[in-house]
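# Fold and contact review
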Amino acid sequence: MERRPTIEAAGAAILVYWDMQMCPVPDGYDARRVGPFIERSLRQLGYTGPITITAVGLLSDVPEQILEALFSSGVSLSNVPYGTRDVATLVLFRTFDFPPPASFMVISHPEDAAVFLDLVSEIGYNTIFPFPLKEAASHLEDDDGKPLWENFLRAEPPEEDKCSETGQSWVCRVCHGVTGRDFQSFMTHLSTPKHIWEFPRWHTYATSGNQIPCVGSDESEDAVEASVEAPLDSYPENATSMVSEEATKGL
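Here we summarise the structure given alongside this text. Just so you know, these numbers come straight off a predicted model, no measurement behind them.

This part is about the overall build of the protein. The number of helices and strands found in the protein is 9 helices and 9 strands. Per-residue burial over the protein gives 53% buried out of 251 residues. For the protein, the computed accessible surface area is about 11600 Å², with 51% contributed by carbon and sulfur atoms.

Here you go:
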C-alpha cells in the first residue's frame, strides 16, 4: 500500500473487501484491531473519504467471538457461499452505487485480487492492494495470502480504537440478501429455519463445482441471476436485488 492517491481519489469513498477465507484473523491477533488498522493505514496514505470495511466469507465457519469483535469495531459482515469469487462479484456490483473516482481495496490472494481490480481500474476506479507488488508476486507460488496478510497486520503496534467512518451492517447471501444492523440478529439468523434450509441447498452446488442460484426457491435455475449488495445506508429488510448474469462474465 505504498502508492498515494490523486486529489480526486483521496476524498472519494473507499470500499474495502476482506476475503476471510483466504486471509483469516491470525492466531493471537485481536480481531478488534483489524478494522482500525486498515483505516489508519489508508489515512496515512492520504485517503480522507468515508471508509466501509466488509468481511466476506462463509462466516458461520468463523468463531463467534471473532465476528463479534469485528462487528463491534465497525466492520460489516457479508455471509457468502464462495469466498474469493464473491469478493470479485461484490466489487463489480458496487460500481453501480459508487462512481469513479471511488476506491476499492481488496484483501485476498494477490493473483486473484489483481484480476478483478484490473477490471475496475480500467473503467476509472482507484484500486488499492495492501501488499507491496514485488512481495506479492514472489509469494504467488505459495497459493495463499496468509503470510502477507499477517505481516501487513503486524506492521506497527496496534491501537485500541474503532473505525470512525464505518456504519456496520450484515447481509446473508446464502439466504438471498437477508440483512440486519446488529450482531445478535446475525447470529440469530444463522439458526433460523430459512437459513438452515438454504445452507445445504447451495452447499451441494458449491462442493460439486457449480454455482448455486442466488434467487428465490421458486425460480428456475435456468434464469439464475446474481444478488446485488445494496448501499449500507439503505438496506431494506429482507431485500434482494438482481442483475443479469451478463454483468459477471469474465470474472
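Don't stop here, the text continues.
As enumerated under the stated definition, the model contains 7 aromatic pairs in all. Their ring planes at 45 degrees and their centres at 5.4 Å tell us that Trp18 and Trp149 sit as a pair that is tilted. With a gap of 131 residues between them, Trp18 in strand E1 (residues 14-19) and Trp149 in helix H7 (residues 146-153) connect regions that are remote in the sequence. Each member of the aromatic cluster is reached from another via a ring pair, and the members are Trp18, Phe37, Trp149 and Phe152.

Now for the sheet that holds strand E5 (residues 126-128). Spatially, the 7 strands line up as an open sheet ordered E5-E4-E1-E2-E3-E6-E7, and their pairing is mixed. Single-partner strands in this sheet number two, and they are E5 and strand E7 (178-180). If you compare each strand with its neighbour and ignore which way they point, the axes differ by 20 degrees on average. Bridge count for strand E6 (residues 170-172) against E7 is 3 bridges, and the pairing is antiparallel. Bridge pairing in E7 places Val171 opposite Thr179. Contacts from helix H2 (residues 34-45) reach E1, strand E2 (51-57), strand E4 (103-107) and E5, with the element oriented near 135 degrees to E2.

Below, the discussion takes up the environment of Thr84. Its location among the elements puts Thr84 in helix H4 (residues 84-94). The spacing of Thr84 and Gly57 is 27 residues in sequence and 7.8 Å in space, taken between C-alpha atoms.

Right, let's talk about the pairing of E1 for a bit. Where burial is concerned, most of E1 is hidden: 6 out of the 6 residues are buried. On E1, burial covers both faces: Ile14, Val16 and Trp18 on one face and Leu15, Tyr17 and Asp19 on the other are all buried. Strand direction decides the pairing type here: E1 and E2, joined by 6 bridges, are parallel. Residue pairing across strands places Ile14 opposite Ile51, the latter belonging to E2. With 5 bridges joining them, E1 and E4 adopt parallel strand pairing.

Time to look at the pattern of salt bridges. Side chains that differ in charge, positive against negative, can pair when their charged atoms come close. The tally for this structure, following the rule as stated, stands at 4 salt bridges. For Asp30, the salt bridge identified is with Arg32, shortest N-O distance 2.7 Å. The exposure class of Arg32 is partly exposed, given its relative accessible area of 44%. Residue Asp30 is joined to Arg33 by a salt bridge in which the shortest nitrogen-to-oxygen separation is 3.9 Å. Judged by its relative accessible area of 24%, Arg33 is partly exposed.

The subject of this paragraph is the packing of H2 against H7. In the contact formed by H2 and H7, the axes pass within 10 Å of each other and the chain directions differ by 75 degrees. As summarised for this structure, H2 and H7 are arranged roughly perpendicular, according to the angle between their axes. Contacts between H2 and H7 pair Val34, Phe37, Ile38 and Ser41 from the former with Trp149, Phe152 and Leu153 from the latter. Residue classes in the contact of H2 with H7 are distributed as 6 nonpolar, 1 polar and no charged.

If you check which residues of helix H8 (residues 183-190) are buried, you get Phe183, Phe186, Met187, His189 and Leu190. Viewed end-on, H8 has its buried residues packed into an arc of 155 degrees, placing them on one side of the element.

So, how was this worked out
- Residues numbered from 1 in each chain as written.
- Predicted model: local features only at pLDDT ≥ 70, side-chain atom pairs only at ≥ 80, totals over all residues.
- Heavy atoms only, no water.
- Helix = DSSP H or I, 4+ residues; strand = E, 2+ residues; numbered from the N terminus.
- Buried < 20%, exposed > 50% of the residue type's maximum accessible area, 1.4 Å probe, protein only.
- Areas by Shrake-Rupley, 256 points an atom, 1.4 Å probe, with all protein chains shown as cover.
- Phe/Tyr/Trp six-rings, centres within 6.5 Å; stacked < 30°, edge-to-face > 60°.
- Pairing = 2+ DSSP bridges.
- Axes fitted to C-alpha atoms, helices over the stretch in contact; angles between N-to-C directions.
- Contact = heavy atoms within 4.5 Å.
- Salt bridge = Lys/Arg side-chain N within 4 Å of Asp/Glu carboxyl O.
- Parallel < 35°, antiparallel > 145°, perpendicular 65-115°, else oblique.
- Nonpolar A, V, L, I, M, F, W, Y, C, P; charged D, E, K, R; others polar.
- Arc of directions from axis to C-beta.

Read these as layout, nothing more, since geometry by itself doesn't imply function.
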